[in-house]
Every structure is written in structure tokens, then in C-alpha cells.
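# A structural walkthrough
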Amino acid sequence: MSGNEEDDQLFGPEHVRVYRETDGEHGYHWRGTTILLLTTKGRKSGEMRTTPLIHVTDDGRWVVIASKGGWPHDPIWFKNLIANPDDIEIQVKDEVIPVSAEVVDGEERDRLWGAMTESWPDYDSYAERTDREIPVVAFSRR
């Protein structure tokens, strides 16, 4: 646990603001897991959009889940990532990193899904709520 109840209450745009202002000192640790900030270029607006996401690391990569809480459609950030794969960066603590994204499948997806559910067990219940296969995304430095 982060030990900071204020950090545990962060969500959405406020989470992004606090994370950036403190270089992740507040907001990186959240509800017993870790958060990165993902910035993608809007596929319709062309504007840069930032989303806080739970992540784990795997062999030099950062892994996230496009769950949207089990909704029937992929989250907007995922659609933006697919539409504009060259305009992606993450912030991990105080480091802003240009990345490429890979949607993983097969055995690797299963392995990474397991790692993510260890960090955030609710992903399994999100998967039960939807008919879509929830994407697992791995980011690598460009």
C-alpha cells in the first residue's frame, strides 16, 4: 500500500495533474499497485490525451490492460494508440519515455494477464463482464 490515503483517492485528470506536478512522488503508488501516465494523440481531435493506468514491468517493458472496467468497447486511449502508433509516450515517476506499443496475444498474453491480475485482481471480474477479449499492451522504449 502507498500509505498515503490522499494518493489512494486520486483518479482521472486529478491523478494526472498531481502525478506530473510531483514527478510521480504522489500518484505512482496507488491502492497497492503502480501507475504510469500514458499520453496518446486523439484519433479525432489530434490533441494529446493523458490517462493514468495500472502497470507492471516485464523484461524492460511496461504492461497495461485496456479493460475499461469490463465495458463492451475498448477504452478511448486504446483506440488512439492503435490509430496513432507513432505518437505515444509514457511517464513513469519522473521519466517521460517515447514508446512503441505491442498488443500481445497467445501464451504471452496469458502470462502477462496473470502478472496484471496479481497486481490488480479486479481484471478477472472485468473480463467476466464483457464478450470482448480485453487487450494486453506492452510498451517498449523507442
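Right above here is the structure, for reference.
Small disclaimer: the values here were computed from a predicted structure and weren't measured.

Turning to the pairing of strand β7 (residues 95-104), a few remarks are in order. In terms of strand pairing, strand β6 (residues 88-92) meets β7 through four bridges, oriented antiparallel. Paired with Q91 across the two strands is V96, which belongs to β7. Linking β6 back to β7 in an antiparallel pair, the connection comprises two residues, with K93 at a positive phi of about 55°. Here six bridges tie β7 to strand β8 (residues 136-141), and the two strands are oriented antiparallel to one another. Residue E102 lies in a different strand from β8, and its bridge partner there is A138.

Right, let's talk about the pattern of salt bridges for a bit. Taken as a whole, this structure holds 10 salt bridges when the rule is applied. Two residues, R111 and D58, come together in a salt bridge whose shortest N-O distance is 2.8 Å. Remark: D58 occurs in strand β4 (residues 56-58) and R111 occurs in helix α4 (residues 106-119); sequence separation between them is 53 residues. Taking the relative accessible area as the measure of exposure, R111 reaches 46% and is therefore partly exposed. The closest approach of N and O atoms between E102 and R61, which form a salt bridge, is 3.7 Å.

Our next topic: the side chain of T117. By secondary structure assignment, the location of T117 is in helix α4. A polar side-chain atom of T117 sits 3.0 Å from the main-chain carbonyl oxygen of G114. When sequence neighbours within four positions are dropped, the list of residues in contact with T117 reads Y123 and D124.

Glancing now at helix α3 (residues 76-83). Those residues of α3 not exposed but buried are W77, F78, N80 and L81. Buried residues along α3 cover an arc of 160° about the axis, so they all sit on one side. Buried residues along α3 sit against β2 (33-41), β3 (48-54), β5 (61-65), β6, β7 and β8.

Glancing now at the environment of R132. The residue R132 is located in the loop between α5 (122-128) and β8 in this model. Separated by 58 residues in the primary sequence, R132 and D74 place their C-alpha atoms 8.5 Å from one another. Those residues in contact with R132, other than ones at most four positions away along the chain, are A66, S67, K68, W71, P72, H73, D74 and P75.

Tracing the sequence through the fold places R109 in helix α4. Polar contacts involving the side chain of R109 include one to the main-chain carbonyl oxygen of I134, which spans 2.6 Å.

Cut-offs applied
- Residues numbered from 1 in each chain as written.
- Predicted model: local features only at pLDDT ≥ 70, side-chain atom pairs only at ≥ 80, totals over all residues.
- Heavy atoms only, no water.
- Pairing = 2+ DSSP bridges.
- Helix = DSSP H or I, 4+ residues; strand = E, 2+ residues; numbered from the N terminus.
- Salt bridge = Lys/Arg side-chain N within 4 Å of Asp/Glu carboxyl O.
- Buried < 20%, exposed > 50% of the residue type's maximum accessible area, 1.4 Å probe, protein only.
- Polar contact = N/O pair within 3.5 Å; in protein donor to acceptor, adjacent residues only side chain to side chain.
- Contact = heavy atoms within 4.5 Å.
- Arc of directions from axis to C-beta.

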